[in-house]
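Commentary on secondary and tertiary structure
The chain contents come next:
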Amino acid sequence: MSGTKPDILWAPHQVDRFVVCDSELSLYHVESTVNSELKAGSLRLSEDSAATLLSINSDTPYMKCVAWYLNHDPECLLAVGQANGRVVLTSLGQDHNSKFRDLIGKEFVPKHARQCNTLAWNPLDSNWLAAGLDKHRADFSVLIWDICSKYTPDIVPMEKVRLSAGETETTLLVTKPLYELGQNDACLSLCWLPRDQKLLLAGMHRNLAIFDLRNTSQKMFVNTKAVQGVTVDPYFHDRVASFYEGQVAIWDLRKFEKPVLTLTEQPKPLTKVAWCPTRTGLLATLTRDSNIIRLYDMQHTPTPIGDETEPTIIERSVQPCDNYIASFAWHPTSQNRMIVVTPNRTMSDFTVFERISLAWSPITSLMWACGRHLYECAEEESDNSLEKDIATKMRLRALSRYGLDTEQVWRNHILAGNEDPQLKSLWYTLHYMKQYTEDMDQKSPGNKGSLVYAGIKSIVKSSLGMVESSRHNWSGLDKQTDIQNLNEERILALQLCGWIKKGTDVDVGPFLNSLVQEGEWERAAAVALFNLDIRRAIQILNEGASSEKGDLNLNVVAMALSGYTDEKNSLWREMCSTLRLQLNNPYLCVMFAFLTSETGSYDGVLYENKVAVRDRVAFACKFLSDTQVFVSCNFCGKSISYSCSSVPHQGRGFSQYGVSGSPTKSKVTSCPGCRKPLPRCALCLINMGTPVSSCPGGSKSDEKVDLSKDKKLAQFNNWFTWCHNCRHGGHAGHMLSWFRDHAECPVSACTCKCMQLDTTGNLVPAEIVQP
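Residues numbered from 1 in each chain as written. Predicted model: local features only at pLDDT ≥ 70, side-chain atom pairs only at ≥ 80, totals over all residues. Heavy atoms only, no water.

1. A word on the sheet that holds strand β25 (residues 282-287)
Taking strand neighbours across the sheet as the criterion, the four strands line up as β24-β25-β26-β27 in an open arrangement whose pairing is antiparallel. Of all the strands in the sheet, the pair left with one neighbour each is β24 (270-275) and β27 (314-318). Within this sheet the neighbouring strands show an average axis-to-axis angle of 20°, counted without direction. In terms of strand pairing, β25 meets strand β26 (residues 293-297) through five bridges, oriented antiparallel. Considered in β26, the bridge of A284 is made with L295. (Pairing = 2+ DSSP bridges. Helix = DSSP H or I, 4+ residues; strand = E, 2+ residues; numbered from the N terminus. Axes fitted to C-alpha atoms, helices over the stretch in contact; angles between N-to-C directions.)

See below:
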């Protein structure tokens, strides 16, 4: 290998040794440096390995190829092919015993001198060595030598010659090969076929040839340019790889007419191709002046059936080092391990990592395969992430027969682990629905049993009349609050929410007692407060603070409740409004939100998502009117219902908006929350909120205000109305007048057929909508 790039070989049976072949042979020993420091004189190969030089052999100049003896003994015997065609046996060790000592220095000489291109030891008969030489018109290019043969013909007797003028050691010359093949041709590469001792595959000048030593006069061949680097897959002996320039051909010896696959052509010529000895179907290739090794995974290659069948491969690249790679060698036993050498003899120890295939077991154990190893992910005892995984929850709930208890429906939340309060609320709601449906007399008139499973919204909507509110006294306070009078539908809704039991008695006492027994002190106090019993709420908080598992901070909350005052500008209200959001428990937070809210505005309670839905629904049944749909500001999102009503809301005057509280029309044209102007009517172009004074079809009686209890809503002509398609609208009276004669939107350039989108298809005459 004089004047060429170095090559590298792992020892076949000594897994910790390799040799670098250049102008001389250098033997190295590899050792781990994981728990030790780098020794003096050692070469760093990787983060956890280093190499130490053991010996150097300079006795074989003009090396062109090297092959390591495959047998265990002698362990450091190498065959060296030289530029003159000779094959020399040499050693890199001092363990020569008497049995094999005569092999060291033995030379095998062809009849005519020419370069030796390749060497290959027979894997079945370790004494057979095949050599491939350049072409000579009167000689053979494939010579098979028996390194232990003592036969010498009479014409060319065995003779002893000196290696050089300065050496006294003599060596044996063997000139008669065991077999001669490939006359008048050149052999560029060769390898033995492992399935038979006497089958040899050779890359000749223009063909791949299979020689059978049992009949040397015949050969099987295929014409191809891919004759370099022939190598057999160690796991599939009928699969062979060879290359030419930048292209690799994969052959199947059972169907030798053409390659079964031609790999993607590389931009630069290839210098080496090698199968991985520890991995099925993994082929590595190296191109000239490259620091990249390309890998072709043929792990799942199917057997060819038809002419057009091609195996499927997965291609990827690895970069063992930053410099150009001169050669590489797979480790014979360590999985996917290789060592590379650069032109300046810098070496790197490198492991090719496998693609990882993940798999979940039916019991949510994570496992993955990496090469020949199977790994399982073990969870640490302190890590509860597995318990939070939805797949684990589903499996545990299925094992506990979750959802299958149809008799006591509420128990299903216990089967689910009794950890999710929202899930508990859901199953209790279903339990109440089932319970009240079964207990209702289906034959009684006005029975709401069919509406129970339709939901609370449907139950409340089924009410035939308007629900009025009335003033109710607080227990423990000199104060009154508006609460909706509970009709049959709202009572049923409270029962389904679990606040009251069956019957007409509206008593939350049993529900409060059950919450206290379960240790839900904050929730029980909030429910008591929502039922205007602040004294009971304070008592519950004190009980919770004194219990074993209670929170002592509940005493502080009870103290804050006891200082409640109804004064809007009081320091208590100001501090509670500011600091309530710092409370961790949502029920404590909504208690102060309820006490500091304006009458009819309970967003702080209704939109607290951490409070159980059924508790918020029950609260709405007690405090919200049937007309819960309101117009909200497009800027701040707050309700503008009160400000835009032409009739002052009972108990809340309009003086705060600059309008006297006298029974006259208010003219509010902006949002009471952010003061942004309200949209304009598409017909009169006046801001919404301004009462209609000249609505078509109306009369002066429209401007009169009736403050009786039966007329609490604004006159219909003044209501907001808009198309849900184009979003244009205005005063209801103006819109009715317009669509009495038109179908399109009144806004210029809008082609929306607003009226045709109306499902009723009928307009109510203006006379009917007069109040």
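2. Examining the environment of C148
By secondary structure assignment, the location of C148 is in the loop between β12 (140-146) and β13 (160-162). The partly exposed category is assigned to C148, whose relative accessible area is 36%. The contact partners of C148, leaving out residues within four places of it in the chain, are L103, K106 and N127. (Buried < 20%, exposed > 50% of the residue type's maximum accessible area, 1.4 Å probe, protein only. Contact = heavy atoms within 4.5 Å.)

3. Points about the packing of helix α7 (residues 488-497) against helix α15 (residues 613-623)
Remark: α7 packs on α15, axes separated minimally by 9 Å, with the N-to-C direction vectors making an angle of 160°. The angle between α7 and α15 falls in the class roughly antiparallel. Once α7 is placed against α15, the crossing between them reads as left-handed. Touching R490, A493, L494 and C497 of α7 are R614, V617, A618, A620, C621 and K622, all from α15. Looking at side-chain class alone, the contact of α7 with α15 contains seven nonpolar, no polar and three charged residues. (Parallel < 35°, antiparallel > 145°, perpendicular 65-115°, else oblique. Left-handed = near helix turned anticlockwise from the far one by under 90°. Nonpolar A, V, L, I, M, F, W, Y, C, P; charged D, E, K, R; others polar.)

4. Some points on the nonpolar core
Most often, soluble globular proteins keep nonpolar side chains buried together rather than apart. Counting residues in hydrophobic clusters, the biggest one holds 63 residues, and the most contacted among them are W499, F530, L541 and F594. Discounting chain neighbours no more than four positions away, the residues touching F530 are W499, V590, F594, V605, F619, K622 and F623. One finds F100, C116, A131 and L143 within the second-largest nonpolar core, a separate group that totals 20 residues. (Core = buried A, V, L, I, M, F, W, Y, C linked by side-chain atoms within 4.5 Å.)

5. Here's the deal with the state of the cysteines
Counted according to the given criterion, the structure contains zero disulfides. C684 forms no disulfide, and the closest cysteine sulfur to it belongs to C681, at a distance of 3.7 Å. With no disulfide of its own, C752 lies 3.6 Å from the sulfur of C754, the closest cysteine sulfur. (Disulfide = S-S within 2.5 Å.)

6. A closer look at the packing of helix α12 (residues 571-579) against helix α13 (residues 586-596)
Running from amino to carboxyl end, α12 crosses α13 at an angle of 140°, the nearest separation of the two axes being 9 Å. As the angle between them shows, α12 and α13 are arranged oblique. Helix-helix and strand crossings are classified by hand; for α12 and α13 the assignment is left-handed. Contacts between α12 and α13 involve W572, R573, C576 and S577 from the former and F592, L595 and T596 from the latter.

7. Here's the deal with the environment of L9
When you line up the elements, L9 lands in strand β1 (residues 7-10). Counting along the chain gives 321 residues from L9 to W330, while the straight-line C-alpha distance between them is 8.3 Å. Setting aside anything within four residues of it in sequence, one finds L9 in contact with F18, V19, C21, V66, W68 and A329.

8. Topic: the sheet that holds strand β33 (residues 373-376)
Here three strands make up an open sheet; going across it, the order is β31-β32-β33 and the pairing antiparallel. Every other strand in the sheet has two partners, leaving β31 (357-360) and β33 as the edge strands with one partner each. On average, each strand axis in the sheet is inclined to that of its neighbour by 25°, with strand direction left out of account. Bridge analysis of strand β32 (residues 366-370) against β33 gives four bridges, and the strand direction is antiparallel. Counted as the bridge partner of W368 is Y375 from β33.

9. Digging into the side chain of H431
Relative to the assigned elements, H431 resides in helix α4 (residues 421-439). Excluding residues within four positions of it along the chain, H431 makes contact with V409 and W410.

10. Thoughts on the side chain of S141
Within the secondary structure layout, S141 lies in strand β12. A polar side-chain atom of S141 sits 3.0 Å from the main-chain carbonyl oxygen of G182. Beyond its immediate sequence surroundings of up to four residues, S141 is in contact with R114, A131, G132, L133, D134, L181, G182, D185, A186, C187 and M204. (Polar contact = N/O pair within 3.5 Å; in protein donor to acceptor, adjacent residues only side chain to side chain.)

11. A short note on the packing of aromatic side chains
The final tally for this structure, using the stated rule, is 22 aromatic pairs. Aromatic side chains Y564 and W572 sit 5.1 Å apart centroid to centroid with 80° between the ring planes, which places their arrangement in the edge-to-face category. The exposure class assigned to Y564 is buried, which follows from its relative accessible area of 9%. Residue W572 is classed as buried on the basis of its relative accessible area, which comes to 15%. What links up through ring pairs into an aromatic cluster is the set W474, F530, Y564, W572, F592, F594, Y602, F619 and F623. (Phe/Tyr/Trp six-rings, centres within 6.5 Å; stacked < 30°, edge-to-face > 60°.)

12. Details of a nonpolar patch on the surface
On the surface, a nonpolar cluster with roughly 290 Å² of combined accessible area is contributed by L571, M575 and L579. With respect to the element layout, M575 can be found in helix α12. A relative accessible area of 38% means that M575 is categorised as partly exposed. (Patch = residues over 30% accessible without salt bridge, like charges linked within 9 Å, V, L, I, M, F, W, Y side chains within 5 Å. Areas by Shrake-Rupley, 256 points an atom, 1.4 Å probe, with all protein chains shown as cover. Salt bridge = Lys/Arg side-chain N within 4 Å of Asp/Glu carboxyl O.)

13. What to know about helix α10 (residues 534-546)
Taking 1.5 Å as the rise per residue, α10 with 13 residues should run 18 Å; its terminal C-alpha atoms sit 19 Å apart, in good agreement. Every buried residue belonging to α10 is among I534, R536, A537, I538, I540, L541, G544 and A545, and all of these are buried. The secondary structure elements touched by the buried residues of α10 are α8 (509-517), α9 (521-530), α11 (553-562) and α13. (Expected span 1.5 Å × (residues − 1).)

14. Observations regarding the confidence of the model for the protein
Averaged over all residues, the pLDDT of the protein is 79; the fraction at 70 or higher stands at 80%. Here residues 642-666 is a poorly scored stretch, pLDDT under 50, and it has 57 contacts once near neighbours within four places are set aside; other chains count. (pLDDT = per-residue confidence, 0-100.)

15. Section: the pairing of strand β21 (residues 236-244)
Strand direction decides the pairing type here: strand β20 (residues 228-233) and β21, joined by four bridges, are antiparallel. Along β21, the bridge assignment pairs T231 with A241. Where β20 folds back onto β21 in an antiparallel hairpin, the turn is made up of two residues. Judged from the six bridges that link them, β21 and strand β22 (residues 247-252) form a sheet pairing that is antiparallel. The partner of V240 across the bridge, within β22, is W251. Turn length for the β21-β22 hairpin, with the two strands adjacent in sequence and antiparallel, is two residues, and the turn residue E245 shows positive phi of about 55°.

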